Every structure is written in C-alpha cells, then in structure tokens.
Amino acid sequence: MKIQGKVFVITGGASGLGAATATYLVGQGAKVIMADMNQSMGEELQHRLGEHAEFQLLDVTNEAAAEAFFQHIENKYGQLNGLVNCAGIAPSAKVLGRDGLHDLAMFQKVLNINVSGTFNMIRYAARLIAKYELKAGEEERGVIVNTASVAAYDGQIGQAAYSASKGAVVAMTLPLAREMAREAIRVMTIAPGIMETPMLKGLPQNVQDALGQMVPFPPRLAKPEEFAHLVGHIFENGYLNGEVIRLDGAIRMQPK
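Okay, so let's go over this structure. If you're wondering where the values come from, they're calculated on a predicted model, not measured in any experiment.

### A closer look at the packing of aromatic side chains
Link 1 in the chain: Within the structure shown, the criterion is met by 3 aromatic pairs.
Link 2 in the chain: For the ring pair F70 and Y124, a centre distance of 6.4 Å and an interplane angle of 25° mean the geometry is stacked. Of this pair, F70 sits in helix α3 (residues 63–77) while Y124 sits in helix α4 (residues 104–129); the two residues are 54 residues apart in sequence, bridging distant segments of the chain.
Link 3 in the chain: On the basis of relative accessibility, which here comes to 8%, the residue Y124 falls in the buried class.
Link 4 in the chain: Every member of this aromatic cluster is reached through a ring pair, and the members are F69, F70 and Y124.

### Things to note about the side chain of S163
Link 1 in the chain: Here S163 lies in helix α6 (residues 160–180).
Link 2 in the chain: Looking at S163, the relative accessible area reads 15%, which means it is buried.
Link 3 in the chain: Excluding residues within four positions of it along the chain, S163 makes contact with A151, A152 and G155.

### Observations regarding the environment of D103
Link 1 in the chain: Mapped onto the secondary structure, D103 falls in the loop between β6 (100–101) and α4.
Link 2 in the chain: For D103, a relative accessible area of 46% corresponds to the partly exposed category.
Link 3 in the chain: For D103 and A93, which are 10 residues apart along the polypeptide, the C-alpha to C-alpha distance reads 8.3 Å.
Link 4 in the chain: Of the polar contacts made by the side chain of D103, one reaches the backbone nitrogen of M106; its length is 3.0 Å.

What counts as what
Residues numbered from 1 in each chain as written. Predicted model: local features only at pLDDT ≥ 70, side-chain atom pairs only at ≥ 80, totals over all residues. Heavy atoms only, no water. Phe/Tyr/Trp six-rings, centres within 6.5 Å; stacked < 30°, edge-to-face > 60°. Helix = DSSP H or I, 4+ residues; strand = E, 2+ residues; numbered from the N terminus. Buried < 20%, exposed > 50% of the residue type's maximum accessible area, 1.4 Å probe, protein only. Contact = heavy atoms within 4.5 Å. Polar contact = N/O pair within 3.5 Å; in protein donor to acceptor, adjacent residues only side chain to side chain.

Shown next, in the form of structure tokens:
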C-alpha cells in the first residue's frame, strides 16, 4: 500500500512511538489522526506537523467515544486506510510483593487498556477501512499494526500483567489477519524491545547506557524512529500479514 495520500489513525500518538510514527507518515504524504489522552502534547504535535495532522482526545477503552471518533473520521476524510495501535501502559508489580498481593484492579486496568482498548479500536477501524473503494492497481484496502512487546515472550519478574496483555495482542494477530483477509485488510504486530521512550530518556544516562548494553547488537536503546520506519515498511510491503516482528536487537530479557 502506498502511504502518500492515505489516511491513518495512531493511538498513543502524542508521544513516544506514536508521535514518531505520526511524524514519519506525515513526512511521507499521509494524513494522520493522532488519538491520545495527553491533550497538551497532542495539540503541540499537531501544530508542529501542520495541516495533514489532527489530534483528538480519546480514551481507547470508551466504546461510545471510539465510535464517535471514527464517525468523525468518515465524515471529515471519507476514508481510512490504516490503524497503528500504540496506546498502552506498563506498570510493574510482583504477585507476592513486600506490600502485599498484586492489586487485582491494576491487573484488570492493564488488560483493559492494552488489550480491550486495542481491540476496541481495531473493530471500529476495520469497519471503516472495509468501506474504502479500491482504485485501479490497488489490492488492499488498508493495514492494521498493533504494538506488543518482547515481554510477551520473555517477561521479567513483576511484568505478569504487562506480559499477559502483550501476549494477548500477539495471540490475536493471526486470527484477525485471517478474518480481515476477506476485506483486503492486513494485520501485523510489532514487538519492540527496549525503546528510547520519554520514560526511559528520563532516567540517568548511566542507567540508559546500562540498559543499552544488554542488547547484543546494536548495544543501545532502540529509537522511536526505527519503530516508525518499520510501520512504514509494513504498510508498503503487501506480503507481510498475520505475523509478529520483534524489533529488539536480538535481546532476550533476563528474569530481572
């Protein structure tokens, strides 16, 4: 699928991986709608990216809000060609911690945002993408890219909730791709390793360097732009479908 002239939604689009992806896609000639809960950062990014970017305040777990969000996109743009799900949270807690048992409400919140929120956006996006009328030479209506994590495969101590949520995102990839095939929609997932997100960049430099040295090669944190470029390649490579790509420099996380 050619990126230029297409319309894409990015959740978690105000910062980190989502913001890098929005910046890349706008640079490639796309129209991008960024959905996030951080209004100030989202509006600043919209201003910086210009007329082909729009920010919308959105809770991805809210069913009514999501439906209204995609109705707005249909009314304004008349089409949708892709969704990149970057919204998520990553708290850490042990099941048997010093302060007691793992809080069940926190476990449920992680699953609600990372899994239910992702699925909520997928279903509404897929319905709108399926309405796109293929033009001469086109073989697909759109692409959905979800964000998992290497924690889905080798989660560390304290990541039970996060790993469970990202494992669910990995597991839904193939069945979604199989179902969406009839609508000419591809579904892919990226499982990032240690990314240079705003949270990690706030750590002392020596801590960042130590984390980077855990990566076999290149021995550094992954850059959000590298995630964005992979999203772009997935959009443009029509034979990538139903698969999870680890973007991790060959790291395999240790227990702690």
